[in-house]
Structures are given as structure tokens and as C-alpha cells.
Amino acid sequence: MNNTILRVERLSVSFATEKGRLTAVEDVSFSLRRGETLGLVGESGCGKSVTALSIMRLLPRPAGRIEAGRIMLENTDLLRLPAADLPGLRGRRIAMIFQEPMTALNPVHRLGQQVAEAVHLHRPELDDKAVGQEVVAMLKQVRIPEPTSRVKAYPHQISGGMRQRVMIAMALAARPDILIADEPTTALDVTIQAQILSLMRDLQAETGTAIIFITHDLGVIAELCHRVAVMYAGRIVESAAVETLFRSPRHPYTQGLLAAIPRLDRTPKAPLATIEGTVPALDTMPPGCRFANRCPRVMERCHLAPPPLVEVGEGHAVACYLYS
Ligand SMILES: Nc1ncnc2c1ncn2[C@@H]1O[C@H](COP(=O)(O)OP(=O)(O)O)[C@@H](O)[C@H]1O
Ligand SMILES: [Mg+2]
């Protein structure tokens, strides 16, 4: 499809560990369309960040290794891009924001200077005055109050929510085609989290940047995303349009995640459902469906081989033997 900007095709990633080389992401495929927000959701340890770092070509080397797959940004396979081309990819075409903005900001430089560097890097034709104006405009765009005085502040002088806004401003400074946001609101309290989500939704509508939004919280997905891919233990187990996924989740893991979202209409004091057990460690991955040992609907065949991802409706795919 020609409105697809990014296609991850059958990506597998391994890490060298004390127990040998182990697969962290296996056979993951998804696509991102222009102007859409795609959610990547799953519990901690499911391979979301490893997938994002693979796209950015930021896997720790030599421990991390791409074993198979392609990552097509339009007609370019990012996995074959020579190292010399990576600076042009990162930031300029694909930008990324992380969970903890403090670690990504330089504590000894003023905010204005850091945003200016991001602007200058991507728009070297601008003189100092124009860069300064652009910095203020960027801070305004991410709704930072009094941007002209904020440029003089240091990162520790502003709140976590404001720091995340600055990171978003820096990420958008290059007008990237794609923004990858890896749990950008996880470290923030609930009110601030809601503000950042609403900001991202507005910016997405204003700029048309395609977003991959990574979270362990399916509730957040509903706020922001058009489509969603659910990851479990390094594989995609279900993908669909957000409304479809929330209306008719098929995979027992997705159903479990949905049941665990706090809801206003739930009977007070009724305990929140949780999925028993934990994600298997990389060295104890079962040969069949990786969710089998936690699945309330497990069958004998689930233990034998991993179920393939099959289409169960338009744009709705699920990897579960209940449906194939
Ligand atoms: N540098 C690394 N070395 C070894 N294992 C790693 C490394 N980075 C991630 N992993 C493993 O890969 C799996 C997926 O991790 P990650 O993508 O960070 O999960 P998520 O972002 O979904 O919480 C986990 O089992 C994690 O322990
Ligand atoms: Mg992560």
C-alpha cells in the first residue's frame, strides 16, 4: 500500500547472554501508515523497546543482533543502511522519545540551547536569530508556558512533564516522518500523563507525523492510537484497529489486558482482574504458544508449535489456535 511509510517484516533479534544467544524478538511484522498512530502494547519484557531500537539502529552491539527481517522505510531497508547514513536517519527521518527525559537532556545546558542544537542540526541554513525564533516556536507548539523565559532554564528547574514536552519539541524540530515514543508517560503522574497524551494527539493532528506509541498500558492506547499491535514474549499475538480490538479482542492475552484496565463503570471494590503468572524468560521460551502456561483457554495443541498470525476480520489478525 502506498500510504505505508514503514514496514517491519519478519524481524527477529537476539542477544548474547550468559546462557548463550537468546531470541528477544521473533518474526515480528507490522506496518505504519502516514499520519497514523500505531500502538505497540504488551507487558514489560515483551520486546517493545528492542523492536523500537532495531528500527533506530540503536541496538547495543555486539550483544544485540538482527537475525532476520527487513525494516523498510519507504523503499530503503534500514537494516542495510551504511553507518555513515545513520545520522541522517535518526532524528531527521525517525525521531524517538524515551520514558525518562532527564537522562536524554544535558543537565548542564540551558533548555533553549539544547533545543537550538536540535533545530540547527536539521536546519543548518538558519542563522542564530532564526534558530532562536524557531526554538520559541517549538516550545510554544508543545504548550510550554512563557517559552521566551523558559529557554534560560536548566532541565532540573522544570517538572518531569515539562521536560517531556521539551523532548517532544526536540524530536519534532527535525520534522521527522516518524516519531517513536517509548513509554513517554510511564514515569509521570496520572494528571501529567493525560496532558502529554492530549498534547501528542493534538500534535499528531497538526503535523501529520506518523507515531509508534509504545506502552504497557492498553488504557493509554484507547486515548491516542488508530491501530494497535499486541506483543507477548517477543511476538505479535494480535493486531487490529483500536475500536475493533476494544470491541472484540480475540487473543486471550488481549482479553486479559483489557480486563485489567480500571474502568469507571466497574462495581466499586470489585477486584481488578490480573493475568496470573509472568512473561517467560528468554531462556525458558516454550516451543508452542508462549502464552500457553498463563492462558485460561489453553488446549493440547498450543504446547506443540507457535500458532501463526491469521486474519480473522478486515485488518484484524490473531495468533491463537482458537481461531485456526
Ligand atoms: N541488552 C540486552 N541484553 C540481553 N537481553 C536484553 C537486552 N535488552 C533487552 N533484553 C531482553 O529482551 C527482552 C525484551 O526486552 P524489551 O524490548 O526491553 O522489553 P519491553 O520494552 O517490552 O519491556 C527482555 O527479555 C529483555 O530482558
Ligand atoms: Mg521497554
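Residues numbered from 1 in each chain as written. Chains lettered and ligands numbered in written order. Predicted model: local features only at pLDDT ≥ 70, side-chain atom pairs only at ≥ 80, totals over all residues.

**Student:** Got a minute to help me understand the overall build of the chain in this structure?
**Tutor:** What the chain contains, in helices and strands, is 11 helices and 12 strands. On C-alpha atoms alone, the chain measures out to a radius of gyration of 21 Å, which is about the 20 Å that the 2.2 N^0.38 rule sets for 324 residues. Counting only C-alpha atoms, the chain reaches 70 × 55 × 40 Å along its principal axes. Taking all 324 residues of the chain together, 39% fall into the buried category. In the chain, of all internal contacts separated by at least 6 residues, the share reaching a separation of at least 24 is 63%. (Helix = DSSP H or I, 4+ residues; strand = E, 2+ residues; numbered from the N terminus. Rg over C-alpha atoms; globule rule 2.2 N^0.38 Å. Buried ≥ 20, exposed ≤ 12 C-beta atoms within 10 Å, placed from the backbone. Contact = placed C-beta atoms within 7 Å.)

**Student:** Can you walk me through the packing of helix α7 (residues 160-173) against helix α8 (residues 190-207) in this structure?
**Tutor:** Axes are the key here: two packed helices are described by the angle between their axes and the distance separating the axes. Running from amino to carboxyl end, α7 crosses α8 at an angle of 20 degrees, the nearest separation of the two axes being 10 Å. By the angle between their directions, the pair α7 and α8 is classed as roughly parallel. Where α7 crosses over α8, the two elements pack in a sense that is right-handed. For the pair α7 and α8, the contacting residues are Gly160, Gly161, Gln164, Arg165 and Leu172 in the first and Ile192, Gln195, Ile196, Leu199, Leu203 and Thr207 in the second. Taken together, the residues of the contact of α7 with α8 break down into five nonpolar, five polar and one charged. (Axes fitted to C-alpha atoms, helices over the stretch in contact; angles between N-to-C directions. Parallel < 35°, antiparallel > 145°, perpendicular 65-115°, else oblique. Left-handed = near helix turned anticlockwise from the far one by under 90°. Nonpolar A, V, L, I, M, F, W, Y, C, P; charged D, E, K, R; others polar.)

**Student:** Help me out: how do you make sense of the sheet that holds strand β1 (residues 4-17) in this one?
**Tutor:** Strand pairing within a sheet occurs via backbone hydrogen bonds; the two strands may be parallel or antiparallel. Here four strands make up an open sheet; going across it, the order is β2-β1-β4-β5 and the pairing antiparallel. Each edge of the open sheet is held by one strand with a lone partner, namely β2 (20-33) and β5 (76-77). As paired elements, strand β4 (residues 64-73) and β5 share two bridges and run antiparallel to each other. Across the sheet, residue Leu73 finds its bridge partner in β5, namely Thr76. (Pairing = 2+ DSSP bridges.)

**Student:** Would you mind going over the site of ligand 1 with me for this structure?
**Tutor:** The immediate surroundings of ligand 1 are formed by 15 residues, with Phe15, Ala24, Lys48, Ser49 and Val50 found nearest. Those elements that place two or more of their residues in the shell around ligand 1 are β1 and α1 (48-55). Across the shell around ligand 1, the residue classes tally to seven nonpolar, seven polar and one charged. (Near = placed C-beta within 6 Å.)

**Student:** Sorry if this is basic, but what is going on with the sheet that holds strand β8 (residues 210-215) here?
**Tutor:** Spatially, eight strands are ordered β6-β7-β8-β3-β9-β10-β12-β11 in an open sheet, and the strand pairing comes out mixed. Either end of the sheet is taken by a strand with one partner, and the two such strands are β6 (94-97) and β11 (310-313). The average angle at which neighbouring strand axes cross in this sheet is 20 degrees, direction not considered. Where strand β3 (residues 37-41) lies against β8, five bridges are found, and the strand directions are parallel. Bridge pairing links Val41 to Thr215 in β8.

**Student:** Please clarify how the pairing of β3 should be interpreted in this entry.
**Tutor:** The side chains of a regular strand alternate between both faces of the sheet. Counting buried residues along β3, five of its five residues qualify, which places the element largely inside the surrounding structure. Alternating residues of β3 divide into Thr37, Gly39 and Val41 and Leu38 and Leu40, and every residue in both groups is buried. Two elements, β3 and strand β9 (residues 227-232), share four bridges in a ladder whose sense is parallel. If you follow Gly39 over to β9, its bridge partner there is Val228.

**Student:** Would you mind going over α1 with me for this structure?
**Tutor:** The buried fraction of α1 amounts to seven of the eight residues, a majority that puts the element mostly inside the structure. Regarding α1, the residues found buried are Lys48, Ser49, Val50, Thr51, Ala52, Ser54 and Ile55. Immediately downstream of α1, the backbone of Arg57 shows phi near 55 degrees, a positive value.

**Student:** For this particular structure, what's the right way to read helix α4 (residues 111-122)?
**Tutor:** Residues spaced three or four apart along an α-helix point in a common direction, a consequence of the helix completing one turn every 3.6 residues. Between its first and last C-alpha, α4 extends 17 Å over 12 residues, near the 16 Å set by a 1.5 Å rise per residue. Three or more residues of α4 are buried, namely Leu111, Gly112, Gln114, Val115, Ala116, Ala118 and Val119. Its buried side turned inward, α4 meets α5 (128-141), α6 (147-150) and α7. (Expected span 1.5 Å × (residues − 1).)

**Student:** So what exactly am I meant to see when it comes to the nonpolar core here?
**Tutor:** The tendency in soluble globular proteins is for nonpolar side chains to be buried as a group. In this structure, Val115, Ala169 and Ile212 are the most contacted members of the largest nonpolar core, which totals 87 residues. The element best represented in this core is α7, accounting for nine residues. Non-local contacts of Ala169, meaning those with residues more than four positions away in its chain, are made with Val115, Met138, Leu139, Gln141 and Val142. (Core = buried A, V, L, I, M, F, W, Y, C linked by C-beta atoms within 7 Å.)

**Student:** How should the environment of Ile158 be read in this particular structure?
**Tutor:** Relative to the helices and strands, Ile158 resides in the loop between α6 and α7. Taking the C-beta count within 10 Å as the criterion, Ile158 has 18 such neighbours and is therefore assigned partly exposed. When the C-alpha atoms of Ile158 and Leu111 are compared, they prove to be 9.7 Å apart, with 47 residues separating the residues in sequence. Those residues within four positions of Ile158 in sequence are excluded, and the remaining contacts are Ala153 and Arg163.

**Student:** Even after reading the chapter, I still don't get the packing of α4 against α7, so can you show me in this structure?
**Tutor:** Contact geometry for α4 and α7: axes closest at 8 Å, N-to-C directions at 15 degrees. On the basis of their axis angle, the class for α4 and α7 is roughly parallel. In the packing of α4 onto α7, the handedness of the crossing is right-handed. Where α4 approaches α7, its residues Leu111, Gln114, Val115, Ala118, Val119 and His122 are matched on the opposing element by Val166, Ala169, Met170 and Ala173. Looking at side-chain class alone, the contact of α4 with α7 contains eight nonpolar, two polar and no charged residues.

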